[in-house]
Amino acid sequence: MIVGTAVMDEFLTPAFLTGFLTIIGIDIILSGDNAVVIALAARSLPEHQQKRAVFWGAGVAVGLRVALASIALQLLRLPYVKLAGGAMLLWIAVKLLLPESDEPNVAPADHLWAAIKTIVVADFVMSLDNVVAVAAAARGSVLLLALGLIISIPLVVFGASILMKLMERWPVIVTIGAGLLGWTALDMAITDVMVAPYLHGSPQIMHLAIPALGAIFVIAAGKWFAVRSRIS
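The following paragraphs examine the structure supplied in this document. Computed from a predicted structure; not experimentally measured.

### Some words on the overall build of the chain
For step 1, the next point in the chain: A tally of regular secondary structure across the chain gives 12 helices and 0 strands.
For step 2, the next point in the chain: Relative to its 232 residues, the chain shows a buried fraction of 42%.
For step 3, the next point in the chain: Within the chain, counting contacts between residues at least 6 apart in sequence, those at least 24 apart form 87% of the total.
For step 4, the next point in the chain: Put simply, the chain shows about 13100 Å² of open surface, and 72% of that area lies on carbon and sulfur atoms.

Quick look at the structure:
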């Protein structure tokens, strides 16, 4: 009963709700390519095997994400790791705003187990950004981390066509998502054990202004690189 009350208390805190909404946004932005890979890998299978390939492939892939995210959550407690993770997230966020590359080069599989293997390997390779971002947004909360990964399952399995259409129709979604990652990157970096003491006792506005600078930097840098790539 005490455990249940503690969980409910955590659910009702503003920090939890903010983290929860942040994780949903991250999953929406970063799971699209993974969903496309799944669709590409299973596209040549008979129809009755496609659903099985997607179900088992995505299931194993999400299991790997759980393991990776659990490790990431522990690593983020070490000195300088949050700083490195923040830098990685900034670069991931900027890349979101660069011109899209060609369709992922995923060969269609000719039988069920080959499709499952392709899905698992491709998702594993492509999920590092998602795992780091979700672990950062969870801010040490195992409950938030678990919810983020649970949310990613339907996004990865069923979300390909919906996500891609929404982003094509409203490109501002990608810009907002990139800004969100920029915010998360610096919000995580300033909680690193080597940085936090310098901000201890500083006005609350500082803890909002620094992440906001991350969002502004990502959007500005992403747009600048995009213009440069079109000119060259």
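### Here we look at the packing of helix H2 (residues 14–30) against helix H10 (residues 172–189)
For step 1, the next point in the chain: Remark: H2 packs on H10, axes separated minimally by 10 Å, with the N-to-C direction vectors making an angle of 125 degrees. By the angle between their axes, H2 is oblique relative to H10. For the element pair H2 and H10, the recorded crossing hand is left-handed. Residue-level inspection shows Thr22, Gly25, Ile26, Ile29 and Leu30 of H2 in contact with H10, the latter providing Ile173, Val174, Gly177, Leu180, Leu181 and Thr184.
For step 2, the next point in the chain: In the contact of H2 with H10, the residues fall into 7 nonpolar, 4 polar and no charged.

### Some points on unusual backbone geometry
The bulk of non-glycine residues show a negative phi, and the bulk of peptide bonds are trans.
For step 1, the next point in the chain: The backbone of Tyr80 sits at a positive phi, close to 70 degrees, despite the residue not being glycine.
For step 2, the next point in the chain: Here Tyr80 shows up in the loop between helix H4 (47–75) and helix H5 (81–96).

### Some thoughts on the packing of H5 against helix H12 (residues 204–231)
For step 1, the next point in the chain: Where H5 contacts H12, the axes come no closer than 8 Å and their chain directions differ by 45 degrees. As the angle between them shows, H5 and H12 are arranged oblique. For the element pair H5 and H12, the recorded crossing hand is right-handed. Between H5 and H12, the contacting residues are Leu90, Ala93 and Val94 on the first element and Gly214, Phe217, Val218, Ala221, Gly222 and Phe225 on the second.
For step 2, the next point in the chain: When grouped by side-chain class, the residues that make up the contact of H5 with H12 number 7 nonpolar, 2 polar and no charged.

### With respect to the packing of aromatic side chains
For step 1, the next point in the chain: Under the criterion given, the structure shown has 1 aromatic pair.
For step 2, the next point in the chain: Here Trp224 and Phe225 contribute two aromatic rings whose centre-to-centre distance is 5.1 Å and whose plane-to-plane angle is 70 degrees, an arrangement assigned as edge-to-face.

Parameters and conventions
- Residues numbered from 1 in each chain as written.
- Predicted model: local features only at pLDDT ≥ 70, side-chain atom pairs only at ≥ 80, totals over all residues.
- Heavy atoms only, no water.
- Helix = DSSP H or I, 4+ residues; strand = E, 2+ residues; numbered from the N terminus.
- Buried < 20%, exposed > 50% of the residue type's maximum accessible area, 1.4 Å probe, protein only.
- Contact = heavy atoms within 4.5 Å.
- Areas by Shrake-Rupley, 256 points an atom, 1.4 Å probe, with all protein chains shown as cover.
- Axes fitted to C-alpha atoms, helices over the stretch in contact; angles between N-to-C directions.
- Parallel < 35°, antiparallel > 145°, perpendicular 65-115°, else oblique.
- Left-handed = near helix turned anticlockwise from the far one by under 90°.
- Nonpolar A, V, L, I, M, F, W, Y, C, P; charged D, E, K, R; others polar.
- Phe/Tyr/Trp six-rings, centres within 6.5 Å; stacked < 30°, edge-to-face > 60°.

Spatial relationships are all this shows, so hold off on functional conclusions.
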